Amino acid sequence: MVIVSQVPIAVSKAYCPGHVTGFFSAQNQGDPDLDFKFQGSLGAGFSIDRGIISTVRVFPSSDMNYEIKLNGMLDCELRVSKYVTEYYLSLIQKPVLISIDHESNLPIGYGLGSSGSAALGLSYALNEALGTGLSSLQAAQMAHQADIVCNTGRGTVVSEYTGGVELRTSIGGPGVCRIQKTELSSEWCAVILCMEPIKTDIFLSKYLGGSKFSNINEVGKQMVKQLGQSMSVEKFMDFSFKFASLCGLTEGKCKEPLAHLRSKGLKSSVALFGHTLFTLIPNYQLGQVIDILKRYQGELIICHVDNLGARILKKVR
Ligand SMILES: Nc1ncnc2c1ncn2[C@@H]1O[C@H](COP(=O)(O)OP(=O)(O)O)[C@@H](O)[C@H]1O
Ligand SMILES: CC(C)(COP(=O)(O)O)[C@@H](O)C(=O)O
């Protein structure tokens, strides 16, 4: 890449949390005429205070070009970010060179919403840096479209846009999906054991095309209804475990640590979609949970719920 001037004409930075889906129900798939705003999923999950900071620098240039780095590395397979960038390039007239840096502390492919987080933070940062003038809602809708087109998520972007523990009670992207949000204080923490990744696009294609799909989807829908009547972390964890079992995920890599925690009376489940065990616990149980989970292989993440959702951190134009 040739940068014509070393001084950017605009810089913008946005942060987007990661997210864990506990259970979901995806409908309205396969309708190519349906506006992306009206596509998505019902479900429940929570945003975490680990995520992706996306920085956009715009340089004057003789032609239109861009480069994207993830944690300093070029040439990663970042199709969601490419989709978002190309959308914004189509909105501007003058040639510029855009340099994008994603600084991520989310492992990719473990059901922690990395694709949605990259898409949403980047959409905010590009909108600011390029002065494309979308509202933050429109920028979030654009990211939601990217996640759906790339088949890397359905309800992740609207959840990360909202923050907190969310219950998505109607299908749609930001501005359309109805959400019941519960904030969780720092007296609660999430412990997450990332054992092995699962590609969301592959799992979703199998799941949506599988024979058990309509049954599992109906269960997800009923869970949304029941949790809506009385929301509690315990109930969310129970529903999530049941849902992950129906998807066959509790019999995989997570089986042993799930059973180990359960034998001590601790609830846990599997993040969709990854071989990723998670639990939401009051802080006083943290020591006990770590003692158990540190015996298993994988990256152990200890974090809190992000109650704010995605946000712009800095703009210089
Ligand atoms: N930081 C990132 N920047 C851009 N694209 C990303 C980033 N992280 C993930 N992706 C894209 O999302 C895909 C993984 O998404 P997915 O399987 O849904 O995992 P996750 O559960 O972590 O969201 C990657 O193959 C990549 O195309
Ligand atoms: C479960 C999933 C379809 C994918 O989630 P992730 O892999 O974390 O992007 C999510 O977007 C949802 O609709 O709830």
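In what follows, the structure referred to is the one given above.
Bear in mind that the values here come from a model prediction, so they are computed numbers and not experimental data.

How each quantity is defined
- Residues numbered from 1 in each chain as written.
- Chains lettered and ligands numbered in written order.
- Predicted model: local features only at pLDDT ≥ 70, side-chain atom pairs only at ≥ 80, totals over all residues.
- Heavy atoms only, no water.
- Phe/Tyr/Trp six-rings, centres within 6.5 Å; stacked < 30°, edge-to-face > 60°.
- Helix = DSSP H or I, 4+ residues; strand = E, 2+ residues; numbered from the N terminus.
- Buried < 20%, exposed > 50% of the residue type's maximum accessible area, 1.4 Å probe, protein only.
- Near = heavy atom within 4 Å.
- Polar contact = N/O pair within 3.5 Å; in protein donor to acceptor, adjacent residues only side chain to side chain.
- 1 Å grid on protein atoms, 1.4 Å probe; cavity = no way out; pocket = protein on both sides within 12 Å on 5 of 7 lines; lining within 4 Å.
- Sits in = over half its atoms within 2 Å of the grid points.
- Nonpolar A, V, L, I, M, F, W, Y, C, P; charged D, E, K, R; others polar.
- Areas by Shrake-Rupley, 256 points an atom, 1.4 Å probe, with all protein chains shown as cover.
- Points joined across faces, edges and corners; volume = space filled by probe spheres on them.

Draft legend 1. Local environment of the packing of aromatic side chains. Per the stated rule, a full pass over the model turns up 10 aromatic pairs. Both rings, one in Phe23 and one in Phe236, keep their centres 6.3 Å apart while their planes meet at 40 degrees; by these two values the pair is tilted. One end of the pair, Phe23, is in strand β1 (residues 10–26); the other, Phe236, is in helix α7 (residues 233–246), and 213 residues separate them in sequence. There is no split in this pair, since Phe23 and Phe236 are both buried. Each member of the aromatic cluster is reached from another via a ring pair, and the members are Phe23, Phe24, Phe46, Phe203, Phe236, Phe239, Phe243, Phe273 and Phe278.

Draft legend 2. Structural context of the site of ligand 1. If you check the shell around ligand 1, you find 21 residues, and the closest are Ser81, Gly109, Gly111, Ser114 and Thr200. Within the backbone of Gly109, a nitrogen or oxygen atom sits 2.8 Å from an oxygen atom of ligand 1. A distance of 2.7 Å is found between an oxygen atom of ligand 1 and a side-chain nitrogen or oxygen belonging to Thr200. A majority-of-atoms criterion places ligand 1 in the largest pocket. Contributing elements (two or more residues each) for the shell around ligand 1: α1 (79–89) and α2 (114–130). Residues of the shell around ligand 1, tallied by class, amount to 9 nonpolar, 9 polar and 3 charged.

Draft legend 3. Here's a closer look at the site of ligand 2. In the vicinity of ligand 2 there are 14 residues, among which Ser41, Arg154, Gly155, Thr156 and Thr200 approach most closely. One nitrogen or oxygen atom from the main chain of Thr152 is found 3.1 Å from an oxygen atom belonging to ligand 2. Leu272 is positioned such that a nitrogen or oxygen atom in its backbone is 3.4 Å from an oxygen atom of ligand 2. Across the complex, the protein chains shield 99% of the 370 Å² of accessible surface that ligand 2 would expose by itself. When atoms are counted within 2 Å of each cavity's grid points, the one that captures over half of ligand 2 is the largest pocket. Across the shell around ligand 2, the residue classes break down as 3 nonpolar, 9 polar and 2 charged.

Draft legend 4. Representation of the environment of Val191 in the model. Among the structural elements, Val191 can be located in strand β7 (residues 188–197). Residue classification places Val191 among the buried positions, given a relative accessible area of 0%. Sequence separation of Val191 and Ile302 is 111 residues, and the distance between their C-alpha atoms is 4.7 Å.

Draft legend 5. The arrangement of the environment of Asp35 in detail. Locating Asp35 in the fold gives a position in the loop between β1 and β2 (41–60). Counting along the chain gives 256 residues from Asp35 to Asp291, while the straight-line C-alpha distance between them is 48 Å.

Draft legend 6. Structural view of the layout of surface pockets. Put simply, the largest pocket is a space of about 660 Å³. As for the largest pocket, its lining consists of 36 residues, and the residues nearest its centre are Gly109, Ser114, Ser115, Thr152 and Thr200. Here the residues of the lining of the largest pocket are counted per class, giving 14 nonpolar, 16 polar and 6 charged. Lining of the second largest pocket is provided by 13 residues; of these, Glu234, Lys267, Leu280, Pro282 and Gln285 occupy positions nearest its centre. Put simply, the parts of the chain that give the lining of the second largest pocket at least two residues each are α7 and β9 (274–282).

Draft legend 7. Molecular detail of unusual backbone geometry. Here Leu272 and Phe273 are connected by a cis peptide whose omega angle stands at -5 degrees. Position of Phe273 among the secondary structure elements: in the loop between β8 (269–270) and β9. Here the phi dihedral of Asn71 falls at roughly 50 degrees; this positive angle occurs in a residue that is not glycine. Note on placement: Asn71 falls in the loop between β3 (65–70) and α1. Judged by relative accessible area, which is 45%, Asn71 ranks as partly exposed.

Geometric descriptors of this kind do not, in isolation, establish any biological role.
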